[in-house]
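Summary of the model geometry
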Amino acid sequence: MIVIKFIKLSLNKFMNKFAYFIFLSRHATQIIPLVNPTHETLELQATNSNPENFVLDVNRSSLTVSPYSIKEVSVHFFPSALGRTGHQVSITFCCTQFKEWIFYLSGVGLFPQPIDVEKVTTYLRLHSSIVIPFQNPTKEDVLVNIILTSKEKPRHLIIDHYWDSFFHETSAFKFTGLSHTQGIALPPKGTIDIPVLFMPHIMKLQRTMVIVQMMRANRESWPIDNFDELSTEMKRTMGVESGEIQEIHWKYPILGLPQAVSPKFPQVVIKCQSRKRVEQEVEVMLAGHFFGENPILDATDFVVIPKKYSCDSYEGIDDTPVKREFEYEIQFESEVMKSSLESCVALYIMKKSYHVETETITLFFNVVFAPKKPLRTHITLKVECITDGIWKFPITLVATEPDVDDVIDIEGIGLFKESVVDFRLTSQTRNPEPFTAYFLPGSDPEFSVKPQVGELPPFDTEGTVLLVGFKPQMYSRKYKATLAIQTPDMYWLYDINGLPPVTMPPMNVKAKIKTTNKRFQSKPVRRHNFICENAKLIRTGVSSTIKGAPLMLKNK
């Protein structure tokens, strides 16, 4: 709780007053507005009279405030005692235009209240740890005792009945890594990490609370200088009747939620062609500890509903609800995948059953998968009961290539000459979307597309022009390619065919036959004497059946 008072004084000297009320080990933040009503730039120098309890959030001591503007500066208050003692500060800003600008701040340290509930989750019969950091907020040497309420109940501690369930005995929690938990000495501003181990043995929500008792090292009581200002309820909570207290307590509630081990049977795979829709029934089995104070005897003793909130809230948990509530949801691999797939996947419960002898619940879900583009990803079906635990079931989603949207035929105009066909495309939403155009593997390199990246305008516009080019390299060949155009939500496919140029025979042209060859007739005539040429041969020629054989036999 913070109470603020604001007072303005003369032009040459500004003074403002603020008051804080904050619990020990926490901090409060106040915004100080630095208003420049002049036409000059103010170069301010800041000084802090109590930097230990009040931290000025500036990167440097000099601040610049532009003409006719406001500069906001944060001040953080860290109480170091109960009450008002030592919790005053004056923060002064000076510059050449005026003498000084002073802010007076005062704070009140209040008795600590229970810290926000911490949650720890782990698989059944495995362990997980959570570390609670504690700092001595005072300027004195202290002794600290650390208590785990699931093991022992502290004496002389008054606490609201709301927290009674955190004092039930359980073996699921224990301290780890601490040599001792009593009489730990801490210097002023000293710190200690308190590791708590959680190891569940049954599927049931577990609770505990870490309590830190802090006493003065000299065994004297802590003074409370604002005792008369405290309400009757606060005095009862603190357990005091005068202006001093022997111990200060910090309370850290912890919830432990077990998670069932993932099933070993084959993972569910849902396969669908892009831009189509498929529905598949998914059966899951929940094994747990469903007997006890409020046992499940049949399917009417529990309800299965979609998860209500996106964040986990564990306040006001009832140990024995009238009906157990099992909440289900789909979890995605990442936030990027969630934004892409959230509109493509739906899940709803069809029926439920319960087997008393084995204490197992069987749930039948219907999963609707309508992908917009090819992908392969994993999702998780999560079922959670706040009083029993968490069950997770992995599911694989596979989206195959969609049907071809259109076939584009491009007629060539000659070898090494490019012919172009254009078409327009728009986004399928009311907003522009970025796109990427490319050819799938196996497409002929003689095709090209422009632009390869860009933005598609909304669907009610003319659209972006895309150009597909074809430049053949040889005749008598079939050219084929598959063009893909992809946006964050859509995926189009086009079959591209490269056609040879159409040739037309000449019309109304008379045939001409030329029977003379002037080049051949101009050659000189050379006569061959085959008898003389053959007489000079000593071996058979290439036309003989026995090639290279001598024509004259040697005398023996």
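These numbers were taken from a predicted model, which means no experiment stands behind them. (Residues numbered from 1 in each chain as written. Predicted model: local features only at pLDDT ≥ 70, side-chain atom pairs only at ≥ 80, totals over all residues. Heavy atoms only, no water.)

**Re the side chain of Ser165**
Looking at the element boundaries, Ser165 is found in the loop between strand S12 (142-148) and strand S13 (173-175). Residue class for Ser165 comes out buried when judged on its relative accessible area of 16%. A polar contact of 3.4 Å, which involves the side chain of Ser165, links it to the side chain of Arg207. (Helix = DSSP H or I, 4+ residues; strand = E, 2+ residues; numbered from the N terminus. Buried < 20%, exposed > 50% of the residue type's maximum accessible area, 1.4 Å probe, protein only. Polar contact = N/O pair within 3.5 Å; in protein donor to acceptor, adjacent residues only side chain to side chain.)

**Some details on the packing of aromatic side chains**
Evaluated as defined, the whole model comprises 16 aromatic pairs. Where Phe290 meets Trp391, the ring centres are 6.2 Å apart and the plane angle is 35°; that geometry is what we call tilted. Note that Phe290 is positioned in the loop between strand S21 (278-287) and strand S22 (302-306) and Trp391 in strand S27 (residues 389-400), a separation of 101 residues in sequence. Across this residue pair, the class does not change: Phe290 and Trp391 are buried. (Phe/Tyr/Trp six-rings, centres within 6.5 Å; stacked < 30°, edge-to-face > 60°.)

**Let's talk about the sheet that holds strand S35 (residues 491-499)**
As summarised here, the arrangement of the 5 strands in space is S28-S35-S34-S30-S32, forming an open sheet in which the pairing is mixed. The strands lining the two open edges of the sheet, one partner per strand, are strand S28 (406-411) and strand S32 (453-456). Between one strand and the next, the sheet's axes are offset by a mean angle of 30°, whatever the strand orientation. Looking at chain direction, strand S30 (residues 433-439) and strand S34 (residues 479-486) are connected through 4 bridges and run antiparallel. Counterpart to Ala437 in the pairing with S34 is Ile485. (Pairing = 2+ DSSP bridges. Axes fitted to C-alpha atoms, helices over the stretch in contact; angles between N-to-C directions.)

**Brief notes about a nonpolar patch on the surface**
Residues Tyr123, Leu126 and Val261 make up a contiguous nonpolar surface patch of about 280 Å² in total accessible area. As for its placement among the helices and strands, Leu126 is situated in the loop between strand S10 (118-123) and strand S11 (128-135). (Patch = residues over 30% accessible without salt bridge, like charges linked within 9 Å, V, L, I, M, F, W, Y side chains within 5 Å. Areas by Shrake-Rupley, 256 points an atom, 1.4 Å probe, with all protein chains shown as cover. Salt bridge = Lys/Arg side-chain N within 4 Å of Asp/Glu carboxyl O.)

**Description of the sheet that holds strand S33 (residues 464-470)**
Taking strand neighbours across the sheet as the criterion, the 3 strands line up as S29-S33-S31 in an open arrangement whose pairing is antiparallel. Because the sheet does not close on itself, it has two edges, and the strands there are strand S29 (419-425) and strand S31 (447-450). Across the sheet, the mean angle separating the axes of adjacent strands is 20° when strand polarity is ignored. Two elements, S31 and S33, share 4 bridges in a ladder whose sense is antiparallel. Residue pairing across strands places Val449 opposite Val468, the latter belonging to S33.

**Quick notes on the domain arrangement of the chain**
One can read the domain layout of the chain as domain 1 (18-110), domain 2 (118-258), domain 3 (262-313 + 323-400) and domain 4 (406-499). Summarising the inter-unit geometry, the C-alpha centres of domain 3 and domain 4 are found 41 Å apart. Of the residues lining the interface, 5 residues belong to domain 3; the matching set on domain 4 comes to 7 residues. With both sides pooled, the region where domain 3 packs onto domain 4 buries about 530 Å², and carbon together with sulfur makes up 51% of that total. The largest per-residue losses of area from domain 3 upon contact with domain 4 belong to Arg275, Lys372 and Lys373, which jointly make up 77% of the total buried on that side. Our count for the domain 3 to domain 4 interface comes out at 0 salt bridges. The tally of links between domain 3 and domain 4 comes to 3 residue pairs in polar contact (both at pLDDT 80 or more). (Domains from an automatic or database assignment. Contact = heavy atoms within 4.5 Å. Buried area = accessible area lost by both parts, 1.4 Å probe.)

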